[in-house]
Amino acid sequence: MSQPSTAAPGPLMSKSMSAVIVAQFLSAFGDNALLFAALALIKQQLYPDWSQPVLQMAFVATYIILAPFVGQFADSFSKGRVMMVANLLKLAGAAVICAGMNPFLGYTLVGIGAAAYSPAKYGILSEIASGEQLVKANGLMEASTIAAILLGSVAGGALADWSILAALGICVLAYGAAVAANWFIPKLNPARPGQSWNPARMSRTFFAACKTLWQDGETRFSLVGTSLFWGAGVTLRFLLVLWVPVALGITDNKTPTLLNAMVAIGIVFGAGAAAKLIRLETVKRCLPAGVAIGIAVVVFALQTSMLSSYIVLVVVGILGGFFVVPLNALLQHRGKISVGAGNAIAVQNLGENTAMLLMLGLYSLVVMAGAPVVAIGIGFGVVFALAIAGLWIWKNMQKRRLA
């Protein structure tokens, strides 16, 4: 076993960064293929429409429940090894579903792995990339993630149309490959070793980190922005599943995944543009893109052809990548200094997944009430645009108070 070492910042595409990006791609590929394979499975088993977002709600609930603990877990051990353990949990969850057991149970186990994985995968970036490289490192991470969303979603949906078991099997293989890739991440020193593992004390430490980050105007801005974005993003994913049969008259599993892929393609370009045009000092420039996301979703909800739907969703993705990448970098940079990168990402996960849970719950209730899916899409876009506009106004008022 090699001795732990601390990686000094070097070239952006170092051995460490390359291993992280490959591992992240494989893990995210499995996540997205599994979602659509699991959705096809519960559709085949005749679960009601409102149960689809409930599947994701079980997943995100694990992030909320484990939030006080996963940040310390990431900071107390070498983050590459933490990522490996988390991917083993994902592998176990996918195997449970593949074995024919309850899909909600298996997907919850995958959620536990994902909750442990997230602080490590983002926290490690600030350990292997220097401050001026951090936005670019986040751009690489987002590009890898989005490429995985693109390929994983399409693979999951297309394979599920042919064989749900084959789709689930691909997920198991992807997680296994991710575990292997994690082994090649050099073993870095733990960021904050020797902390207490008493659950009550860990909870107090976590909520103290929440308070610290919330009292910092810059990290509060990042937390609110990313929470709104990912809460809306996961809701849009499920909206597409119901929107496609109504607007396009297509009932297969593949088409919603192709539309999700268009968003993914756009985010790759948006993330690249953010890396080139925005620095930590100019993060506020991303806010107009956030407002435009909501407007673009309204336009999308009114489409009736596949081509125009593709084009609008690519635009949604470009705006999304440009909006969220700088906010992630800002939180990692300031969070590493104040509470530790792992704790900062765990706090971010609490905010994002609380937003997801609330938005998915509201979406489920609206679907159960029988609201037209196109009207849901329009209302969703309007509310998101207004929320980001409110964040923009709040940020400007904060800046004037400090002036």
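Residues numbered from 1 in each chain as written. Predicted model: local features only at pLDDT ≥ 70, side-chain atom pairs only at ≥ 80, totals over all residues. Heavy atoms only, no water.

As recorded in an unreviewed UniProt entry, the chain goes by Lysophospholipid transporter LplT and comes from Rahnella ecdela. As its UniProt record puts it under Function (unreviewed entry), the chain is described as follows: "Catalyzes the facilitated diffusion of 2-acyl-glycero-3-phosphoethanolamine (2-acyl-GPE) into the cell." (UniProt positions renumbered as here; feature names shortened; annotations may be inferred.)

**Q** Explain the pattern of salt bridges residue by residue, including any values.
**A** This model, assessed by the stated rule, comprises 2 salt bridges. Here Lys90 and Asp31 are joined by a salt bridge, their closest N and O atoms 3.0 Å apart. On the criterion of sequence distance, the pair formed by Lys90 in helix H3 (residues 79-98) and Asp31 in helix H1 (residues 15-44) is long-range, its members being 59 residues apart. (Salt bridge = Lys/Arg side-chain N within 4 Å of Asp/Glu carboxyl O. Helix = DSSP H or I, 4+ residues; strand = E, 2+ residues; numbered from the N terminus.)

**Q** So what's going on with the packing of aromatic side chains? Which residues, and what values?
**A** Summed over all chains, the structure comprises 7 aromatic pairs. Centre to centre, the rings of Phe229 and Trp230 are 4.8 Å apart; their planes meet at 85°, and the pair counts as edge-to-face. A relative accessible area of 9% places Phe229 in the buried class. An aromatic cluster is defined as three or more aromatic residues linked by ring pairs; in this entry it consists of Phe59, Tyr63 and Tyr107. Here the guanidinium or amino end of Lys90 rests over the ring plane of Tyr117, the centre of that ring lying 4.4 Å away. Arg220 extends its terminal NZ or CZ atom over the ring of Trp214, reaching a point 5.8 Å from the ring centre. (Phe/Tyr/Trp six-rings, centres within 6.5 Å; stacked < 30°, edge-to-face > 60°. Buried < 20%, exposed > 50% of the residue type's maximum accessible area, 1.4 Å probe, protein only. Lys NZ or Arg CZ within 6 Å of the ring centre and 35° of its normal.)

**Q** How would you summarise helix H4 (residues 103-123) if you had to cite specific residues and measurements?
**A** In an α-helix there are 3.6 residues to a turn, and that puts residues three or four apart on one side. For H4, with 21 residues, the first-to-last C-alpha span of 30 Å sits near the 30 Å given by 1.5 Å per residue. Burial runs high along H4: 17 of the 21 residues are buried. Of the residues flanking the start of H4, the one acting as N-cap is Asn102, its side-chain oxygen 2.8 Å from the backbone nitrogen of Phe104. (Expected span 1.5 Å × (residues − 1). Polar contact = N/O pair within 3.5 Å; in protein donor to acceptor, adjacent residues only side chain to side chain.)

**Q** So, the confidence of the model for the chain: which residues are in play, and what are the values?
**A** A low pLDDT means the predicted coordinates there should not be read in detail. With 94% of its residues at a pLDDT of at least 70, the chain reaches an overall mean of 84. Looking across the chain, the model is least confident in helix H5 (residues 125-128), with a mean pLDDT of 74, and most confident in helix H11 (residues 287-301), with 93. Below a pLDDT of 50 lies the segment residues 1-9, which in the model reaches 13 contacts outside its immediate sequence neighbourhood of four places, other chains included. (pLDDT = per-residue confidence, 0-100. Contact = heavy atoms within 4.5 Å.)

**Q** Explain H3 to me, using residue names and the numbers behind them.
**A** An ideal rise of 1.5 Å per residue puts 28 Å on 20 residues; H3 measures up with 29 Å between its terminal C-alpha atoms. Positive phi appears at Gly100, one or two residues downstream of H3, with a value of about 90°.

**Q** Please provide a residue-by-residue account of the nonpolar core, values included.
**A** Counting residues in hydrophobic clusters, the biggest one holds 89 residues, and the most contacted among them are Leu34, Leu39, Trp243, Ile293, Leu313 and Phe323. The dominant element in this core, judged by the number of residues it contributes, is helix H9 (residues 217-247), at 14 residues. Contact partners of Leu313, with chain neighbours within four places excluded, come to Leu240, Leu259, Met262, Val263 and Phe300. Core analysis: the next-biggest nonpolar cluster, separate from the first, contains 36 residues, Ala86, Tyr122, Ala137 and Phe206 among them. (Core = buried A, V, L, I, M, F, W, Y, C linked by side-chain atoms within 4.5 Å.)

**Q** Which residues make up the side chain of Ser78, and what are the values?
**A** Relative to the elements of secondary structure, Ser78 occurs in the loop between helix H2 (51-76) and H3. Setting aside residues no more than four positions away along its own chain, Ser78 makes contact with Pro186, Lys187, Leu188 and Pro190.

**Q** Which residues make up the side chain of Asn87, and what values do they have?
**A** Tracing the backbone through its elements, the reader meets Asn87 in helix H3. Those residues in contact with Asn87, other than ones at most four positions away along the chain, are Ser27, Tyr117, Tyr175, Ala178, Val179 and Asn182.

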